[in-house]
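Given next are the chains, with one letter for each unit.
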Amino acid sequence: MANRTDPLARNVHGTNPQNLVEKIVRSKIYQNGYWKEQCFGLTAETLVDKAMELDHFGGTYGGARRPTPFLCLILKMLQIQPDKDIVVEFIKNEDYKYVRVLGAFYLRLTGTVADVYQYLEPLYNDYRKLRRKLNDGTFALTHVDEYIDEILTKDYSCDIALPRVQRRWNLEASGVLEPRRSALEDDFEEEEEEKEEDAEPMDTDDRHKEYYRGRSPARERDRDRDRDRDRDRDRDRDRDRERKHDGYKYRDRDYDRDYDRGRDKDRERDRDRDRDRDRGRERERDRDRDRDLYRDREREREGGRERDRKDRDRGRSRSRSRDRYDRDRDRKRVRGSPSPQKEKKKEKREKKEKVTDGTDHPDPEIAEANRLRASLGLKPLKL
């Protein structure tokens, strides 16, 4: 029951007001001791006392992401939804700066675009210091105007996503807002009026007297010096009137000088960085070129070794094939020519056959008879 939204509260941006805080952060707040002990039963009137006790602001911090009392009070305001008049009084409170920041952040979450610019832009003139608790639990120093500029220009603050607001120039073009009038503009108008009063035209006699009186060289030098001084003062005033990037603040001479000096240093630093980068790239290219040359030489050496190895292998294979061819040729030659012993046996066998055949008998009749018997397969005549 203590964590529910007021039944009489209206939806903000089409949803429950407490849903503007993310669920994880909301659950962290519900479990926090400050929420259970200090925020229970608070109303729009009693919440002011708790806001006056704040001494810092911030979102969640630490490893457990514990919420700050500032964030707990923001969720409580979303829960009870105080009236717009009470929130405006929070913003207009000049005695307690954290009460002002609390009301400004709540209005940034729930207010319309016109109300946001109407009530938050005057806070640009508040330069009081604020203590901000960072995510790691440490504190940092900031100012009210810086924080107002943060919630007007950024989409995330104190671990809460801010609703989107249109840019001021778009609202001025559509007629929703009037052009912003600076608080310093009245002072500049008074200075211009004083300058115009000092430059009122004199009478004719006075002009003649001043003309004849001012013919001396000393007065001419004084007049020129005064004219130069006025010109320098006008130039300085014009430079002082130069607005910042969004037109909300003015630059002074020291700021311009420091800005120009810092810009020159940045340019010089960029040139040095570019020069170092170019040198590094040149060294890298030289290193790559040397590496490629070394690789090409190694490839050529490997190719030469490979060719030599192939040539040696080819020479060995040729010599082996030649030797094999010679051995085969000798083997064939040896196989093709019969041995002397075989020749002798063959001659003896032929001679024996001739002797035993009887066909070579000196007697022709016996030789004829043996030839006939040999054809018939009979033994020759032994005579």
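Draft legend 1. Region of the structure containing the nonpolar core. Ranked by size, the top nonpolar core spans 48 residues in total, and within it Phe70, Ile74, Leu102, Phe105 and Leu120 carry the most contacts. Counting only elements with at least two residues in this core, the list comes to α1 (23-30), α3 (47-52), α4 (69-80), α5 (84-92), α6 (97-110), α7 (113-120) and α8 (144-153). Among the elements that make up this core, the one with the highest residue count is α6 (nine residues). With residues up to four places along the chain from it excluded, the contact list for phenylalanine 70 reads Leu54, His56, Phe57, Gly58, Val101, Leu102, Phe105, Tyr147 and Cys158.

Draft legend 2. Region of the structure containing a nonpolar patch on the surface. On the surface, Leu372, Leu376 and Leu378 cluster together into a nonpolar patch covering about 320 Å² of accessible area. When you line up the elements, leucine 378 lands in the segment after α15 (364-376).

Draft legend 3. View of α15. In this model, α15 (13 residues) spans 18 Å end to end at C-alpha, consistent with the 18 Å of a helix rising 1.5 Å per residue. Looking only at α15, the buried set comprises Ile366, Ala367 and Asn370. Considered in projection along α15, the buried side chains sweep an arc of 95° and stay on one side of the axis. Facing away from the buried surface of α15 by more than 90 degrees, the exposed residues are Pro364, Glu365, Leu372, Ser375 and Leu376.

Draft legend 4. Structural detail: the sheet that holds strand β1 (residues 57-58). Here we have three strands laid out as an open sheet, ordered β1-β4-β5, and mixed in their pairing. Every interior strand has two partners, whereas the edge strands, β1 and β5 (139-143), have only one. Here two bridges tie β1 to strand β4 (residues 129-133), and the two strands are oriented parallel to one another. Within β4, the position partnered with phenylalanine 57 by the bridge is arginine 132. Against the sheet, α6 engages β1 and β4, with an angle of about 65° to β4.

Draft legend 5. Inspection of unusual backbone geometry at higher detail. Positive phi outside glycine occurs at cysteine 158, with the angle close to 55°. With respect to the secondary-structure elements, cysteine 158 resides in the loop between β6 (156-157) and β7 (160-161). Despite not being glycine, aspartate 159 has its phi angle at roughly 60°, a positive value. With respect to the element layout, aspartate 159 can be found in the loop between β6 and β7.

Reading the values: rules and limits
- Residues numbered from 1 in each chain as written.
- Predicted model: local features only at pLDDT ≥ 70, side-chain atom pairs only at ≥ 80, totals over all residues.
- Heavy atoms only, no water.
- Core = buried A, V, L, I, M, F, W, Y, C linked by side-chain atoms within 4.5 Å.
- Buried < 20%, exposed > 50% of the residue type's maximum accessible area, 1.4 Å probe, protein only.
- Helix = DSSP H or I, 4+ residues; strand = E, 2+ residues; numbered from the N terminus.
- Contact = heavy atoms within 4.5 Å.
- Patch = residues over 30% accessible without salt bridge, like charges linked within 9 Å, V, L, I, M, F, W, Y side chains within 5 Å.
- Areas by Shrake-Rupley, 256 points an atom, 1.4 Å probe, with all protein chains shown as cover.
- Salt bridge = Lys/Arg side-chain N within 4 Å of Asp/Glu carboxyl O.
- Expected span 1.5 Å × (residues − 1).
- Arc of directions from axis to C-beta.
- Pairing = 2+ DSSP bridges.
- Axes fitted to C-alpha atoms, helices over the stretch in contact; angles between N-to-C directions.

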